[in-house]
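Listed below are the residues making up each chain.
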Amino acid sequence: ENWEIAVYETILLKQAEAKGIDVSVVPAEVMQVLTAMTIREYVIKNGIDITPKGELGIEFFLTGEDIEIPFIVTVDPERKLVCIKSPMTYEISKTSVRECSIAVCEANFGMADGCFEYDADSGFLEYRTEISYSRGSVNDELLAYMFNEAFSIVDKYNDKFLKFGV
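To start, this report covers the structure provided alongside it. (Residues numbered from 1 in each chain as written. Predicted model: local features only at pLDDT ≥ 70, side-chain atom pairs only at ≥ 80, totals over all residues. Heavy atoms only, no water.)

What follows covers the packing of helix H2 (residues 28-45) against helix H4 (residues 140-162). H4 packs onto H2 with a crossing angle of 65° between their chain directions and a minimal axis gap of 10 Å. Judged by the angle between their axes, H2 and H4 are roughly perpendicular. Crossing hand, H2 versus H4: right-handed. Together, Thr 38, Ile 39, Tyr 42, Val 43 and Lys 45 of H2 and Asp 140, Leu 143, Ala 144 and Phe 147 of H4 make up the contact between the two elements. Looking at the contact of H2 with H4 residue by residue, the class counts come to six nonpolar, one polar and two charged. (Axes fitted to C-alpha atoms, helices over the stretch in contact; angles between N-to-C directions. Helix = DSSP H or I, 4+ residues; strand = E, 2+ residues; numbered from the N terminus. Parallel < 35°, antiparallel > 145°, perpendicular 65-115°, else oblique. Left-handed = near helix turned anticlockwise from the far one by under 90°. Contact = heavy atoms within 4.5 Å. Nonpolar A, V, L, I, M, F, W, Y, C, P; charged D, E, K, R; others polar.)

If you want it as structure tokens, here you go:
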């Protein structure tokens, strides 16, 4: 029942937002559902198959120049953020910690949006970027920018990191 109310409110909010009505005073629960639905609609509309990840997230794969790249998109209701993460499909070798750390720093230097995060203990490496939806829902233009930027960056650097992989 609460879910049905949230969906109904979300539809009304989308209509209000399309008419230029300020939706910044919308309850947080409604805004997070609106944001998650907007993301899902955008990705599906662009012909990408998704796998739901909980109520507020999705996972999908895009093929880069050489490998398939996973993306996990979630809505963080506490911080009012849309988070895009792209974990590398391999772990970094323990013998390459120093070299990979330097490569991550070089990749992150001057990056306008997002960053690579590397856990030297586990060998886990991922790209992460976030955008706030605290002033209203995200739109197609913003999502296009975020996804294109994330895909371009991960596709560009995965080769450089792969040489350190196990």
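Mapped onto the elements of the fold, Asp 76 is located in strand E3 (residues 68-76). With residues up to four places along the chain from it excluded, the contact list for Asp 76 reads Leu 81, Cys 83 and Tyr 133.

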